[in-house]
Amino acid sequence: MYCEANFGAIDGKTANGLVRHSELYEILSVIDSKKAGLDAGVVLGEPPNGIPICRDLADALARAGTTPDYFIFGMAPATGMLSRRDREVLLEAIDLGMNIVNGLHEFLSDDPEFVAASAARNVKILDVRKPSAKESLRTFSGRIAEVACLRIAVLGTDCSVGKRTTATVLTRALNDCGLKAVMIGTGQTGLIQGARYGVALDAVPSQFCAGELEAAIIEAFEAEKPDVIIVEGQGALSHPAYPTSALILRGACPDGVVLQHAPARVHRADFEHMPMPDPADEIHLIETFSDTKVIGLTINHENMSDADVTAAIARHQDELGIPVTDPLTRPPRILIEMVLSAFGGTMR
């Protein structure tokens, strides 16, 4: 997995997420020359996981002892585009016979150079964000009302704040306690990780976003008969650069929302002039915009000590009057209790 100079950082969120959780791919190594020699789990502030960080593709291949089946582009830069160096590395991987997994807005399967290179080596290019043809896209129908199970959206106060991670942890925790839960992926990383249902919403024309999400939820409900559907959020409802949260609320019509927040983050990612919103303001906006309720707050502990997290949990619980936890450092049962305390009496 390629994440040059970005592993463990915000723009490396695809690689960060796949190192933490992957149902589709066995991650053999991460390429990042700035952190070469370290363990990927340790870089993410977690126990060692045996995934080495390598200086370049040659180093990664030497450690693997064979040519892996896939080369995953593990970065999600704000531009959504490749740099010149990125192109060179990807073309090198193709020349070695590796299939490419690409989550960018730049679709390599439409690029003549990549098309020719992949054809010459008989490898696949998987453009995860590439939407269906426009004639196949669906508009909102209102059939979401037929989905009889509980629907919970995991939204946030910023982009790249941990919504997908919390959605994954929550889904796993619910399944572990005997409730059947299915996660709907709405971004490239969740889909690469293996979400069976979903769509990369930020690559879909806005006219069809609510309908495509609604259709994915209906498909999951009819196929899986779950007790709970967890919908991964995107951006933040209050963030002017990322309006997808509004379309998630419209398409999913969630019964409840879990809000993800990074207390130590001073300004929004990539927008130094925009201070982070107060969770109370984001909650008010969500509950005003949509017929739903925020049932809990989850903490992203970036740049926080464990004592800081404990203090933030206590402070926000007192201020907001809802359960608060850190999904990565506190017991999963708190997430389960968050759901059961809000909906336990109505779940089948």
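The structure we're discussing is the one just above.
Residues numbered from 1 in each chain as written. Predicted model: local features only at pLDDT ≥ 70, side-chain atom pairs only at ≥ 80, totals over all residues. Heavy atoms only, no water.

(A) A look at the sheet that holds strand β4 (residues 99-102). Spatial ordering of the open sheet is given by β3-β4-β5, a layout of three strands whose pairing is parallel. In this open sheet, the two edge strands, each paired with only one partner strand, are β3 (70-72) and β5 (125-127). Taken pair by pair, the neighbouring strands of this sheet meet at an average axis angle of 15°, ignoring direction. Here three bridges tie β4 to β5, and the two strands are oriented parallel to one another. Each residue of the ladder has a partner; that of N102, found in β5, is D127. (Pairing = 2+ DSSP bridges. Helix = DSSP H or I, 4+ residues; strand = E, 2+ residues; numbered from the N terminus. Axes fitted to C-alpha atoms, helices over the stretch in contact; angles between N-to-C directions.)

(B) How the structure looks around the environment of P323. Within the fold, P323 resides in the loop between α11 (306-320) and β14 (324-325). Exposure remark for P323: the relative accessible area of 28% places this residue in the partly exposed category. Counting along the chain gives 27 residues from P323 to G296, while the straight-line C-alpha distance between them is 4.9 Å. Once residues within four sequence positions are removed from consideration, P323 is found in contact with I295, G296, L297, Q317, M338 and S341. (Buried < 20%, exposed > 50% of the residue type's maximum accessible area, 1.4 Å probe, protein only. Contact = heavy atoms within 4.5 Å.)

(C) Looking closely at unusual backbone geometry. Although it is not a glycine, A5 adopts a positive phi angle of roughly 65°. Structurally, A5 can be placed in the segment before α1 (13-20).

(D) Fine view of a negative patch on the surface. A cluster of acidic residues, D278, D281, D318 and E319, forms a negative patch on the protein surface. With respect to the helices and strands, E319 occurs in helix α11. (Patch = residues over 30% accessible without salt bridge, like charges linked within 9 Å, V, L, I, M, F, W, Y side chains within 5 Å. Areas by Shrake-Rupley, 256 points an atom, 1.4 Å probe, with all protein chains shown as cover. Salt bridge = Lys/Arg side-chain N within 4 Å of Asp/Glu carboxyl O. Lys, Arg positive; Asp, Glu negative; His and termini not counted. Charge placed at Lys NZ, Arg CZ, Asp CG, Glu CD.)

(E) How the structure looks around the nonpolar core. With 40 residues, the main nonpolar core has I184, I217, I229 and V231 as its most contacted residues. Element by element, the count of residues in this core is highest for helix α8 (residues 206-224), at eight residues. The contacts of V231, once residues within four sequence positions are left out, are I152, A153, V154, I184, T186, L213, I217, I248 and A252. Within the second largest apolar cluster, 38 residues are counted, among which are Y25, I53, L91 and I125. (Core = buried A, V, L, I, M, F, W, Y, C linked by side-chain atoms within 4.5 Å.)

(F) Summary view of the side chain of E282. Relative to the elements of secondary structure, E282 occurs in helix α10 (residues 279-289). For the buried E282, no salt bridge is present, and the opposite-charge side chain at shortest range is R268, 4.9 Å distant. Reaching out from E282, the side chain makes a polar contact with the backbone nitrogen of L237 at a distance of 3.3 Å. When residues no more than four places from it in sequence are discounted, the contact partners of E282 are G156, T157, A236, L237, S238, L259 and P277. (Polar contact = N/O pair within 3.5 Å; in protein donor to acceptor, adjacent residues only side chain to side chain.)

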